[in-house]
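Residue-level listing of the chains:
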Amino acid sequence: MDGESGMEAGAASFEALWGAIPYPALVVNGGDGIVTANPATESFGATSLRQMAGRPLGRFLGQDSAVLDVVRQARRNGVSVAQYNVMVGWADQPSQLHNVHATPLNEDGEILILMHPQGMADKMDRTLGHRSAARSVTGMAAMLAHEIRNPLAGISGAAQLLEMGLEEGDRELTGLIQAEAARIGKLVDRVEQFGDLRPAQRQPLNIHDVLDRSRRAAQAGFASHARFTEEFDPSLPPTAGDPDQLLQVFQNLLKNAAEAVPRVGGAISIATAYQPGVKLSRPGHKSESLPLVVTIGDNGPGIPENIIRDIFDPFVSSKVNGTGLGLSLVSKFVADHGGVVECDSRPGRTRFRVRLPVWRGDVAEEPRG
Ligand SMILES: Nc1ncnc2c1ncn2[C@@H]1O[C@H](COP(=O)(O)OP(=O)(O)O)[C@@H](O)[C@H]1O
Ligand SMILES: [Mg+2]
């Protein structure tokens, strides 16, 4: 990575560029001492460059700051390292979640650090990103199903034929082939759900009915070990929804909650509320008001930090037998309803929030794309 591209941005001087970066950017030397910092760092830390220059970064961020790990990783491996969702607190300022990038600048171990605070814009961005992730999966699903099913049938058929000529001991192996083939088959079935391009059946829907059904099914099955609490706003207006899809949304959220909570003392909460003022705007769409909020909470250990940013993407799972498809299905179905799903999580308290529009009588079909 040498700067062969003509890095002259018109007449802008390096100083002007450096000053224009709206979030903290700084350079440290090989010993983690601060060489320079941009004006945004000065205001973020309420510390002047003069006070920072030459001092160890750890003095401002704390010796055990995760930012230092990122910097050292970048230096050790000579590559850019990015870490998302890092808590950064400067001196006595309150900490805030940041995405941290560290890039080696030269052979002397100097590192450029960029710290991008995670604000609302980023959260929205992520939600919109999931929509397209889910859409691309939709297209892939039909192809996958077709491409995998046929050879899979071949494999398991061949194993069956083999089995006939084998000794007892070796049959175990053909059995294994068939069992694993069956497992792949099931996975393909689940992936195929994404390929279901049937548009959401929008009808006026009392979300509490759907939540009731979800909760009862959960309690009778996978969530029998958990204690449920419900806090419903009885005046909630109907949403424009597809009952089957929304049932799947809440089933998936409740299933994850049930899998997260402890066997003893596990608690799952379901709450609804009306919150006017939340609007989703997307390029090319009218901005949409999403005042209906359903929150599913649990008291499990929280979402593992290394995957929290990606949980809505397909195939991201921390579970031994997880498919990583639950939340990506949730995100697709909620997006099809014109809504968004958000999540915040810390140990002992994880919340998934589904925001949906209100039924408006006539439903203009959401332009697809
Ligand atoms: N309520 C929760 N508490 C903790 N982690 C969760 C919760 N919900 C989701 N996750 C994390 O998100 C991952 C993805 O979830 P999901 O898409 O449903 O796939 P799967 O359940 O098959 O792993 C899970 O593996 C888990 O790590
Ligand atoms: Mg799941």
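Residues numbered from 1 in each chain as written. Chains lettered and ligands numbered in written order. Predicted model: local features only at pLDDT ≥ 70, side-chain atom pairs only at ≥ 80, totals over all residues.

So, about the pairing of strand E12 (residues 292–298). The buried count for E12 comes to six of seven residues, which makes it a mostly enclosed element. Across seven bridges, E12 lies against strand E14 (residues 349–356) in antiparallel orientation. Considered in E14, the bridge of Val-294 is made with Val-354. (Buried ≥ 20, exposed ≤ 12 C-beta atoms within 10 Å, placed from the backbone. Helix = DSSP H or I, 4+ residues; strand = E, 2+ residues; numbered from the N terminus. Pairing = 2+ DSSP bridges.)

Bringing helix H5 (residues 66–77) into the picture now. Compared with the 16 Å implied by 1.5 Å per residue over twelve residues, the 17 Å span of H5 between its first and last C-alpha is a close match. Residues of H5 that are buried: Val-67, Val-70, Val-71 and Ala-74. Looking straight down H5, one finds its buried side chains confined to an arc of 95°; they lie on one side. Away from its buried face, by an angle of more than 90 degrees, H5 presents the exposed residues Arg-76 and Asn-77. Buried residues belonging to H5 abut strand E1 (25–28), helix H4 (57–61), strand E3 (81–88), strand E4 (96–104) and strand E5 (111–117). Positioned one or two residues after H5, Gly-78 has a phi angle of 65°, which is positive. (Expected span 1.5 Å × (residues − 1). Arc of directions from axis to C-beta. Contact = placed C-beta atoms within 7 Å.)

A word on the sheet that holds strand E9 (residues 267–274). Strand pairing within a sheet occurs via backbone hydrogen bonds; the two strands may be parallel or antiparallel. Across the sheet, five strands lie side by side as E7-E9-E12-E14-E13; this open sheet has mixed pairing. The sheet terminates laterally at strand E7 (227–231) and strand E13 (340–346), the two strands that pair on one side only. Each neighbouring strand pair of the sheet contributes to a mean axis angle of 15°, computed without reference to strand direction. Both E9 and E12 contribute to a ladder of seven bridges, which runs antiparallel. Considered in E12, the bridge of Ala-273 is made with Val-293. Most of the contacts of helix H8 (residues 207–220) go to E9, to which it runs at about 175°, and overall it touches E7, E9 and E12. Where helix H9 (residues 243–260) meets the sheet, it contacts E9, E12 and E14, and its direction lies at approximately 25° from that of E12. (Axes fitted to C-alpha atoms, helices over the stretch in contact; angles between N-to-C directions.)

Attention now goes to the packing of H8 against H9. Relative orientation of the contacting elements H8 and H9 amounts to 45°, with a least axis distance of 9 Å. Looking at the two axes, H8 sits oblique to H9. The handedness of the crossing between H8 and H9 is right-handed. Note on element contacts: H9 touches H8 through Pro-243, Leu-246, Leu-247, Phe-250, Gln-251, Leu-254 and Ala-258, opposite Val-210, Leu-211, Arg-213, Ser-214, Ala-217 and Ala-218. (Parallel < 35°, antiparallel > 145°, perpendicular 65-115°, else oblique. Left-handed = near helix turned anticlockwise from the far one by under 90°.)

Glancing now at the site of ligand 1. Taken together, 23 residues lie around ligand 1, and Asn-256, Ser-317, Ser-318, Gly-322 and Gly-326 are the ones closest in. Mapped onto the shell around ligand 1, the elements with two or more residues apiece are H9 and helix H10 (326–336). Examining the composition of the shell around ligand 1, we find that four residues originate from one element, H9, more than from any other. Classifying every residue of the shell around ligand 1 gives nine nonpolar, twelve polar and two charged. (Near = placed C-beta within 6 Å. Nonpolar A, V, L, I, M, F, W, Y, C, P; charged D, E, K, R; others polar.)

A word on the environment of Trp-359. Among the secondary structure elements, Trp-359 is positioned in the segment after E14. Using a count of 18 C-beta atoms within 10 Å as the deciding quantity, one classes Trp-359 as partly exposed. C-alpha of Trp-359 to C-alpha of Asn-206: the two residues are 153 residues apart in sequence and 9.8 Å apart in space. Discounting chain neighbours no more than four positions away, the residues touching Trp-359 are Pro-204, Pro-237, Pro-238, Thr-239 and Ala-240.

Once that is clear, we can look at the sheet that holds E1. The antiparallel open sheet is built from five strands, whose spatial order is E2-E1-E5-E4-E3. Two strands close off the open sheet at either side, each with one partner strand: strand E2 (34–37) and E3. Taken pair by pair, the neighbouring strands of this sheet meet at an average axis angle of 25°, ignoring direction.

With eleven of its eleven residues buried, H10 lies for the most part within the structure. Where H10 is concerned, the buried positions are Gly-326, Leu-327, Ser-328, Leu-329, Val-330, Ser-331, Lys-332, Phe-333, Val-334, Ala-335 and Asp-336. Positive backbone phi, at 80°, marks Gly-338, one or two positions downstream of H10.

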